[in-house]
Amino acid sequence: SDPRRRLRPGRHADRRVRDVQLSMAYGYLPCILIEPAGGARAAVCVLHGSGDHKAAYTWWLVDALLAQGLAALLVDLDGHGENPRAQRFPDMLDDVAVPVAWLRARFARVGVLGLSLGGCIAARALADSVPADALVVMEAPPRLHFTRADMWREGLRLLSPAALAMFRDCSAYQLASAWAAAPIRAAISTWDLIDALDLLGSLPRIRAPLLLLYGGADAIVKPAQAAQVRQAAPPHATFRLVPGASHLTLSIGHATLAEAAGWLAQHLA
């Protein structure tokens, strides 16, 4: 079966799914809201990485959140997916502030989970006082610094057991279709955007419970950069370097996703 169906609007056996468009200062924010069939008291806003979109390989993360009784709001970042707005700074911080405010009007507790670029945006938004109750940051880079050889090493990591396990859930065609994305529509490059978001300067200012997950075999955000993140994190943060995980496989590893969802459920209870 096609796992992408689990994100399609409608009533499913274990969930309710609907498309949502949130009003912004200009344009709108396209989202998918997924709720457990029996409802939820807490929800998590999920921000994808650069070049991705809200439905790109997020069905496993959604499954993990639903298993913990949490709702999920998947967001298309500015310049990505169906979002008509261009990638700009500081405008992209509204990609966290607006959905968090919308969720807080509907759920008792609200968390945020950011992947890579999404983690940098989430960290800066919470540092600038967006009122979320918990934050998970996965593989967010302090700076972008990688070579073509690093990209090849990342590609080879897709041959790992965690990555190959995807084929038990979907076909090669479905994987390729989920990966397909339009070019980023940007008024600022992703490299400059990462610098402007200032992850290392943001982390010490975050007061909410914070979980930081990084890959021990990440060729894009290398372990030395992960060590910088660990050093910059506030004392209350939890940091974990996941052995063997790469930039592409960290966010699809079922054990890591279950860990993140379980941590969120604990801190949003």
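Check the entry above for the structure.
Counting restarts for each chain: residues are numbered from 1 in the order of the written sequence. Residues qualify for local features only when their pLDDT is at least 70, as the model is predicted, and side-chain atom pairs are given and counted only at 80 or more; totals for whole chains, interfaces and linings, by contrast, use all residues. Side-chain metrics rest on all non-hydrogen atoms present in the structure, leaving aside hydrogens and water.

Paired strands, as defined in this entry, are two strands with at least two bridges between them according to DSSP. In this text, helices come from DSSP runs of H or I with a minimum length of four residues, and strands from runs of E with a minimum of two, each type numbered from the N-terminal end. Read from one edge to the other, the open sheet built from nine strands follows the order β1-β2-β3-β5-β4-β6-β7-β8-β9, with strand pairing classed as mixed. The outermost strands of the open sheet, each flanked by one partner alone, are β1 (10–11) and β9 (238–242). Pairing geometry for strand β6 (residues 109–115) and strand β7 (residues 134–138), over five bridges, is parallel. Of the residues in β7, the one forming a bridge with Gly111 is Ala134. Sheet strands in contact with helix α1 (residues 59–67) are β2 (15–23), β3 (28–36), β4 (42–47), β5 (71–75) and β6, and its direction is about 45° off that of β3. Against the sheet, helix α9 (residues 223–232) makes contact with β8 (210–215) and β9, and its axis sits at roughly 170° relative to β9, the strand it touches most. The contact criterion used throughout is that any non-hydrogen atoms of two residues lie within 4.5 Å. Note on geometry: axes are lines fitted to C-alpha atoms, helical ones only across the stretch in contact, with angles between N-to-C directions running from 0 to 180 degrees.

The subject of this paragraph is the pairing of β7. Along β7, five of the five residues are buried, which leaves the element largely enclosed by surrounding structure. Three exposure classes are used, based on accessible area relative to the maximum for each residue type with a 1.4 Å probe and protein chains only: buried under 20%, partly exposed in between, and exposed over 50%. A two-sided burial pattern is seen for β7, the buried positions comprising Ala134, Val136 and Met138 on one face and Leu135 and Val137 on the other. With the strands pointing away from the viewer, any crossover whose connection runs clockwise from the first strand over the helix to the second is right-handed. Considered for its hand, the β-α-β crossover made up of β6, helix α3 (residues 117–127) and β7 is right-handed. Relative to β8, β7 is paired through four bridges, and the arrangement is parallel. Its bridge partner lying in β8, Met138 is registered against Leu213.

Counting buried residues in β8 gives six out of six residues, a clear majority hidden from the surface. Every second residue of β8 is oriented toward a common face, with Leu210, Leu212 and Tyr214 on one face and Leu211, Leu213 and Gly215 on the other, all of them buried. Pairing of β8 with β9, which is carried by five bridges, proceeds in the parallel orientation. Within β9, the position partnered with Leu213 by the bridge is Arg240.

A word on the side chain of Asn83. Of note, Asn83 is situated in the loop between β5 and α2 (94–104). Polar contacts here mean pairs of N or O atoms no more than 3.5 Å apart (in protein, one a potential hydrogen donor and the other a potential acceptor; neighbouring residues in sequence count only if both atoms are side-chain atoms). Within the structure, Asn83 has its side chain in polar contact with the backbone nitrogen of Arg85 (distance 2.9 Å). In this view, Asn83 contacts Tyr28, Leu29, Pro30, Asp76, Leu77, Asp78, Asp95 and Arg185; residues no more than four positions away in its chain are not counted.

Here a salt bridge means any side-chain nitrogen of Lys or Arg lying within 4 Å of a carboxyl oxygen belonging to Asp or Glu. Inspection of every chain in the model, using the stated rule, returns 15 salt bridges. Between Asp76 and Lys54 there is a salt bridge, with the nearest N and O atoms lying 2.6 Å from each other. One end of the pair, Asp76, is in the loop between β5 and α2; the other, Lys54, is in the loop between β4 and α1, with 22 residues separating them in the sequence. By the burial criterion, Asp76 is buried, and Lys54 matches it. Put simply, Glu259 and Arg240 hold a salt bridge, and the shortest N to O gap is 2.6 Å. Of this pair, Glu259 sits in helix α10 (residues 254–267) while Arg240 sits in strand β9, and the two are 19 residues apart along the sequence. Given a relative accessible area of 27%, Glu259 falls into the partly exposed group.

Running from amino to carboxyl end, α3 crosses helix α7 (residues 190–197) at an angle of 30°, the nearest separation of the two axes being 9 Å. Taken together, the axes of α3 and α7 lie roughly parallel to each other. Every pair of crossing elements has a handedness; the one defined by α3 and α7 is left-handed. Contacts from Leu117, Cys120, Ile121 and Arg124 of α3 reach α7 at Leu193, Ile194, Ala196 and Leu197. Any residue that is not Ala, Val, Leu, Ile, Met, Phe, Trp, Tyr, Cys, Pro, Asp, Glu, Lys or Arg is counted as polar, Gly included; the first ten are nonpolar and the last four charged. Of the residues that constitute the contact of α3 with α7, the class distribution is seven nonpolar, no polar and one charged. In these notes the angle categories are as follows: under 35 degrees is roughly parallel, over 145 is roughly antiparallel, 65 to 115 is roughly perpendicular, and the rest is oblique. Two helices that cross are described as forming a left-handed crossing if the nearer one is turned anticlockwise from the farther one by less than a right angle, and a right-handed crossing if clockwise.

Here we come to the packing of α1 against α10. Two numbers describe how α1 lies on α10: the axes approach to 8 Å, and their chain directions differ by 40°. Here α1 lies oblique to α10, going by the angle between them. Considering the relative orientation of α1 and α10, their crossing is right-handed. For the pair formed by α1 and α10, the contact residues are Trp60, Leu61, Ala64 and Leu65 on the first element and His254, Leu257, Ala258, Ala261 and Leu264 on the second. Here the residues of the contact of α1 with α10 sort into eight nonpolar, one polar and no charged.

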